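Reading the structure
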Amino acid sequence: MDLRALLMGLIFALMWSSAFATARIIVADAAPLAALAARFLISGLLAVGVALALGARATLTRAQWRSVAAFGLLQNTAYLGLNFIALQWVEASLAVIIAASMPLMVAALSWAFRGERLPALGLAGLVAGFAGTALIMGTRLSGGADPLGTLLCILGALALAIATLTLRSASGAQGGLGPLLLVVGLQMLAGSAALAIIAALTEPFRLTPTLPLALAFAYQIFIPGLAATLIWFALVRRIGPTRAATYHFLNPAFGTAIAALLLNETLQLTDILGAAIVAAGILAVQLSRKPA
């Protein structure tokens, strides 16, 4: 067992899961896209600055530059942008459970578009995982959850799945902390630029300075923004995108616990059951795959 990869995956899942509750705090007092653009601008500049100080150089190939830009747009602009908008209307616990379906989307896209073979156990896992997600969403929607916010969360998870499949080329062939930080910073700056343009064209500016907003914003810059993204790149580089995506199945447990602690959100029995089915589906998909 790769204990280092296991530890990286657990820390990543805890950091990443915390982003949903803190994002809901942010969007309560600030325009979501503008706040996210500012977060990525600061995080990106910090990452690039540290990378350059460590001696990194922007020597990526043209294909790698395209991949970095694509990943920045898919993850930072699409995935997180859609989730920040949705969190104005849906609870963080629902958003994090929907996001947990991302590994299933990765497996489905790999099977449909890359010709990756998926044995019967894997196919059963896909069906079970999507059924668990449908159970949660159906119950929440019938209970009054916002349909548009739910749809935006689904589209965001799909964008992250596509980003995950492009991550190997986006991470580049260089090794070491400096080059990795440079890539992370560049994809954040790409996302920030796109978000700023979209916010300026579509979003009324809104800002109510509060202590919870300041604390949540600073936390997102350094923990989900820099630390978790850096660990995610390193984890995918170490074990590959499919296996790395497995750690997202921990997000419902971590994310809902954090949402309950920070936001006093409650879980329904169908949420717990659906999340367990999703986790079992993801596990089945991963077990069906031969080691790379």
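Residues numbered from 1 in each chain as written. Predicted model: local features only at pLDDT ≥ 70, side-chain atom pairs only at ≥ 80, totals over all residues. Heavy atoms only, no water.

Details of a nonpolar patch on the surface
A cluster of nonpolar side chains, Trp 89, Leu 148, Leu 151, Leu 155, Leu 158 and Ile 162, forms an exposed patch at the surface whose accessible area comes to about 510 Å². Its location among the elements puts Leu 158 in helix H7 (residues 147-165). (Patch = residues over 30% accessible without salt bridge, like charges linked within 9 Å, V, L, I, M, F, W, Y side chains within 5 Å. Areas by Shrake-Rupley, 256 points an atom, 1.4 Å probe, with all protein chains shown as cover. Salt bridge = Lys/Arg side-chain N within 4 Å of Asp/Glu carboxyl O. Helix = DSSP H or I, 4+ residues; strand = E, 2+ residues; numbered from the N terminus.)

Describing the nonpolar core
If you look at soluble globular proteins, the nonpolar side chains tend to sit buried side by side. Membership of the largest hydrophobic core comes to 79 residues, with the highest contact counts inside it found for Phe 20, Tyr 79, Leu 87, Trp 232 and Leu 235. Here this core takes 12 residues from helix H1 (residues 3-29), the largest share from any one element. Leaving out residues up to four positions away in the same chain, Leu 235 has contacts with Ala 5, Met 8, Gly 9, Gly 240, Ala 244 and Tyr 247. Membership of the second largest hydrophobic core comes to 7 residues, among which are Leu 104, Ala 107, Val 278 and Ile 282. (Core = buried A, V, L, I, M, F, W, Y, C linked by side-chain atoms within 4.5 Å. Buried < 20%, exposed > 50% of the residue type's maximum accessible area, 1.4 Å probe, protein only. Contact = heavy atoms within 4.5 Å.)

Details of the UniProt feature "transmembrane region" (unreviewed entry) in the protein chain
UniProt's entry tags residues 33-56, 68-86, 92-113, 120-142, 148-167, 179-201 and 213-235 with the feature "transmembrane region" (unreviewed entry), counted in the numbering of this structure. When the span residues 92-113 is considered, its composition is 91% helix and 0% strand, and the gap between its end C-alpha atoms is 31 Å. Helix makes up 100% of residues 179-201 and strand 0%, and the two end C-alpha atoms of the span are 34 Å apart. (UniProt positions renumbered as here; feature names shortened; annotations may be inferred.)

Here's the deal with helix H4 (residues 92-99)
The buried count for H4 comes to 8 of 8 residues, which makes it a mostly enclosed element. When we look at burial in H4, the residues that qualify are Ala 92, Ser 93, Leu 94, Ala 95, Val 96, Ile 97, Ile 98 and Ala 99.

Re the UniProt feature "domain: EamA" (unreviewed entry) in the protein chain
UniProt annotation of "domain: EamA" (unreviewed entry) refers to residues 4-137 and 148-285 when read in the numbering used here. Structurally, residues 4-137 comprises 83% helix and 0% strand, and the distance from its first C-alpha atom to its last is 35 Å.

Some words on the confidence of the model for the protein chain
Here the protein chain shows a mean pLDDT of 85. Residues at 70 or above account for 93%. Per-element confidence in the protein chain is highest for helix H2 (residues 32-53), whose mean pLDDT is 94, and lowest for helix H8 (residues 167-170), whose mean pLDDT is 52. Taken as a whole, residues 169-173 scores under 50 in pLDDT and shows 13 contacts with residues more than four places along the chain or in a different chain. (pLDDT = per-residue confidence, 0-100.)

Concerning the pattern of salt bridges
What the rule picks out here adds up to 2 salt bridges. Close ionic contact of Glu 265 with Arg 24 constitutes a salt bridge, the shortest N to O distance being 3.7 Å. Here Glu 265 is found in the loop between helix H12 (251-263) and helix H13 (269-287), whereas its partner Arg 24 is found in helix H1, with 241 residues between them in sequence. Glu 91 is the partner of Arg 140 in a salt bridge, and the nearest nitrogen-oxygen pair spans 3.5 Å. Here Arg 140 is found in helix H6 (residues 120-142), whereas its partner Glu 91 is found in the loop between helix H3 (62-86) and H4, with 49 residues between them in sequence. For Arg 140, a relative accessible area of 7% puts it in the buried group.

Comments concerning the packing of H1 against helix H10 (residues 211-239)
Their axes nearest at 8 Å, the elements H1 and H10 cross at an angle of 150°. With respect to H10, the element H1 is oriented roughly antiparallel. The two elements H1 and H10 cross, and the hand of that crossing is left-handed. Here the contact of H1 with H10 is built from residues that sort into 24 nonpolar, 5 polar and 3 charged. (Axes fitted to C-alpha atoms, helices over the stretch in contact; angles between N-to-C directions. Parallel < 35°, antiparallel > 145°, perpendicular 65-115°, else oblique. Left-handed = near helix turned anticlockwise from the far one by under 90°. Nonpolar A, V, L, I, M, F, W, Y, C, P; charged D, E, K, R; others polar.)

Observations regarding H2
Here H2 contains 22 residues, and its C-alpha end-to-end distance of 32 Å stays within 8% of the 32 Å for a straight helix at 1.5 Å per residue. Residues Pro 32, Leu 33, Ala 35, Leu 36, Ala 37, Arg 39, Phe 40, Ser 43, Gly 44, Ala 47, Val 48 and Ala 51 constitute the buried set of H2. For H2, the secondary structure elements touched by its buried residues are H1, H3, helix H9 (177-202) and H10. Gly 55 lies just past H2 and shows a positive phi near 95°. (Expected span 1.5 Å × (residues − 1).)

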